[in-house]
Amino acid sequence: MAAELDRVARIQAEWRRERPDLDVAPQGVIGRLHRLAAQLTGSLVEVYREFGLGEGEFDVLATLRRAGAPFERAPGELAEHTMVTTGAMTKRIDRLAEAGLVVRRAAENDGRRRVVALTPRGLALIDAAFTAHMANEHRLLEPLSEADRTALEGILTRWLAASGTD
């Protein structure tokens, strides 16, 4: 029977043996989510690397792309949309600007306001990278039925809302 248990189930069995006074049931969910998150992150980052991007750079370019033409946002907006500090955002923008993927400039409709905008090269790169990213995410979800995907999305949405994370 032990050969049929996954790693989390084996860990739970050991804890039940060693600490029968504790309910280790949460490990069944949290442990598997933690392991899956690490695996998923590795699979996502692998695709970003194919385009010469790290996770943070992909995130910034994707955030600019989602803004729609002219594909720009103020640095503070970028930080808000990506959930990183402004200091970390500055470093990301610097790397992307050095690579010729973004530019810092005055906003088109307000010269006093500064924005970060995709360059044509940055736009082409994020479009190609995002296409590959979506194909990868579809591949990662293949083991789940459509019904399971829908159910899992609803469960995770409720759980995130309850935790105060959106």
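This text goes with the structure placed above it.
Predicted model only: the values in this text are computed from it and were never measured. (Residues numbered from 1 in each chain as written. Predicted model: local features only at pLDDT ≥ 70, side-chain atom pairs only at ≥ 80, totals over all residues. Heavy atoms only, no water.)

Q: Help me out: how do you make sense of the sheet that holds strand β1 (residues 72-73) in this one?
A: Whether parallel or antiparallel, the strands of a sheet pair through hydrogen bonds between backbone atoms. Strand order across the open sheet formed by 3 strands is β1-β3-β2, with antiparallel pairing between neighbours. Both outer strands of the open sheet, β1 and β2 (102-107), are each paired with one neighbouring strand and no more. Pairing geometry for β1 and strand β3 (residues 110-118), over 2 bridges, is antiparallel. Directly across from R73, in β3, lies its bridge partner V116. Running over the sheet, helix α4 (residues 75-82) touches β1 and β3 and is turned about 45° from β3. (Pairing = 2+ DSSP bridges. Helix = DSSP H or I, 4+ residues; strand = E, 2+ residues; numbered from the N terminus. Contact = heavy atoms within 4.5 Å. Axes fitted to C-alpha atoms, helices over the stretch in contact; angles between N-to-C directions.)

Q: Help me understand the environment of R66, please; the structure alone is not making it clear to me.
A: Along the polypeptide, R66 turns up in helix α3 (residues 55-66). Since its relative accessible area comes to 52%, R66 is described here as exposed. Ignoring sequence-local partners within four residues, the contact set of R66 consists of R73 and H81. A distance of 3.4 Å separates the side chain of R66 from the side chain of T63, its partner in a polar contact. (Buried < 20%, exposed > 50% of the residue type's maximum accessible area, 1.4 Å probe, protein only. Polar contact = N/O pair within 3.5 Å; in protein donor to acceptor, adjacent residues only side chain to side chain.)

None of the figures reported here should be taken as evidence of function without further support.
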